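# Descriptive analysis of the structure
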Amino acid sequence: QPDRERFPDFDEYLRASMIKETEMVFQYVMKQDRSVLDFINGPYSFLNERLARHYGIAGVTGTEFRKVDLIGTGRSGVITHASVLAVSSYGNRTSVVLRGKWILENILNAPPPPPPANVPSLDEDAVGASASLRQQMEQHRKNPTCATCHTRMDPLGFGLENYDAVGAWRRMDGKFLIDSSGVLPDGRTFQGADGLKDILAGNRDAFAECLAEKMLTYALGRGVDYRDMPAV
């Protein structure tokens with residue numbers, strides 16, 4: 001539930017529109033037999049006027065959803081859908097950890113282990129005021145216990161930092177200019193969401209396997225195990 005004071009424009013109509021967008025993209029890829037890589041970087045979506053205004057995209061009027069070309073808008077693929085960006089944030093701020101974890105679990109098929117007990121929390125009052133979220137996370141990663149997982153999750157989440165906790169575009173984190181670059185554990189670097197999506201699309205086999213497992217789980221109504229891997 002987004003913080004109403006920080007995000008006064010968020011309402012239930014916008015929430016419903018966010019969900020509808022993602023459902024319609026999924027339906028379109030299925031029915032049109034599109035490449036599953038469209039989920040990562042497909043340059044189109046389905047928007048109504050309310051959601052287009054939230055994204056800063058002009059020329060969409062009315063309540064009806066329609067297919068919209070996203071070239072030049074800073075959006076493409078589901079990881080820039082407001083639905084995904086909001087569900088992988090906290091109510092009052094973004095979370096590079098939750099967003100990185102979401103990508104590892106739902107795109108790269110490499111979920112991180114559960115966090116260790118007694119992990120110290122961030123200083124919420126400092127985020128955007130006396131330190132950027134990136135600076136806070138870099139301090140957090142100095143703890144060797146935390147660094148193992150955070151070196152995998154955080155760079156992925158930083159690539160999406162230009163989108164706030166309800167998925168709107170931003171340049172600043174409080175009074176700090178956002179740095180959306182990332183360095184992966186293997187040394188690869190990227191800049192922003194577009195660079196991140198290029199890397200994710202390059203892991204097409206991992207994503208195809210991940211999506212197949214998710215679909216099979218949904219179809220069977222149970223989790224998959226090693227005996228299902230030939231079918232995957």
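That block above? That's the structure.
My aim in this report is to walk through the structure given alongside it, one point at a time. Remember, it's a predicted structure, so these values are computed and weren't measured experimentally.

Once that is clear, we can look at the pairing of strand β1 (residues 44-47). Burial along β1 is two-sided: Tyr44 and Phe46 and Ser45 and Leu47, pointing in opposite directions, are all buried. The sheet contact formed by β1 and strand β2 (residues 66-69) spans four bridges and is antiparallel. Of the residues in β2, the one forming a bridge with Phe46 is Lys67.

The backbone of Asp33 sits at a positive phi, close to 50°, despite the residue not being glycine. Checked against the element boundaries, Asp33 lands in the loop between α1 (12-31) and α2 (38-41). Classification of Asp33 as exposed rests on a relative accessible area of 67%. Positive phi values are uncommon outside glycine, yet Asn109 reaches one of about 60°.

Looking now at the packing of aromatic side chains. Each aromatic ring pair is described using two quantities: the centre-to-centre distance and the angle formed by the ring planes. Taken as a whole and assessed by the stated rule, the structure comprises four aromatic pairs. Ring centres of Phe26 and Phe39 lie 5.4 Å apart, and the angle between their planes is 15°; this geometry places the pair in the stacked category. Taken together, the residues Phe26 in helix α1 and Phe39 in helix α2 connect sequence positions 13 residues apart. Here Phe26 falls in the partly exposed class, since its relative accessible area comes to 32%. Judged by relative accessible area, Phe39 falls into the buried class, the value being 7%. In this structure an aromatic cluster arises from ring pairing among Tyr28, Tyr44 and Phe46. Against the face of Tyr44 rests Lys67, its NZ or CZ located 4.8 Å from the ring centre. Of note, Arg75 hangs over the ring of Tyr55, and the distance from its end group to the ring centre comes to 3.8 Å.

A word on α1. For α1, spanning 20 residues, the distance from its first C-alpha to its last is 28 Å, which sits close to the expected 28 Å at 1.5 Å a residue. Leu14, Ser17, Met18, Glu21, Met24, Val25, Tyr28 and Val29 are the residues of α1 that are buried. Projected onto a plane normal to the axis of α1, the buried residues spread over an arc of 135° and lie on a single side. If you follow the buried residues of α1, they end up packed against α2, β1, α3 (49-55), β2 and α4 (82-87). Capping the start of α1 is the job of one residue whose side-chain oxygen sits 3.3 Å from the backbone nitrogen of Tyr13: Asp11. Taken from the residues just after α1, Asp33 is the one with a positive phi, measuring 50°.

This paragraph deals with empty space enclosed by the protein. Inspection of the entire model under this criterion finds two cavities of 30 Å³ or more. If you go around the largest cavity, the residues you meet are Ile79, Val84, Leu85, Ser88, Arg99, Trp102, Ile103 and Leu160. The set of elements that each furnish at least two residues to the lining of the largest cavity consists of α4 and α5 (96-106). The residue makeup of the lining of the largest cavity, split by class, is six nonpolar, one polar and one charged. Taken as a whole, the second largest cavity spans an internal volume of roughly 30 Å³. Around the second largest cavity sit Val25, Asp38, Gly42, Tyr44, Gly77, Val78 and His81, which together line it.

How each quantity is defined
Residues numbered from 1 in each chain as written. Predicted model: local features only at pLDDT ≥ 70, side-chain atom pairs only at ≥ 80, totals over all residues. Heavy atoms only, no water. Buried < 20%, exposed > 50% of the residue type's maximum accessible area, 1.4 Å probe, protein only. Helix = DSSP H or I, 4+ residues; strand = E, 2+ residues; numbered from the N terminus. Pairing = 2+ DSSP bridges. Phe/Tyr/Trp six-rings, centres within 6.5 Å; stacked < 30°, edge-to-face > 60°. Lys NZ or Arg CZ within 6 Å of the ring centre and 35° of its normal. Expected span 1.5 Å × (residues − 1). Arc of directions from axis to C-beta. Contact = heavy atoms within 4.5 Å. Polar contact = N/O pair within 3.5 Å; in protein donor to acceptor, adjacent residues only side chain to side chain. 1 Å grid on protein atoms, 1.4 Å probe; cavity = no way out; pocket = protein on both sides within 12 Å on 5 of 7 lines; lining within 4 Å. Points joined across faces, edges and corners; volume = space filled by probe spheres on them. Nonpolar A, V, L, I, M, F, W, Y, C, P; charged D, E, K, R; others polar.

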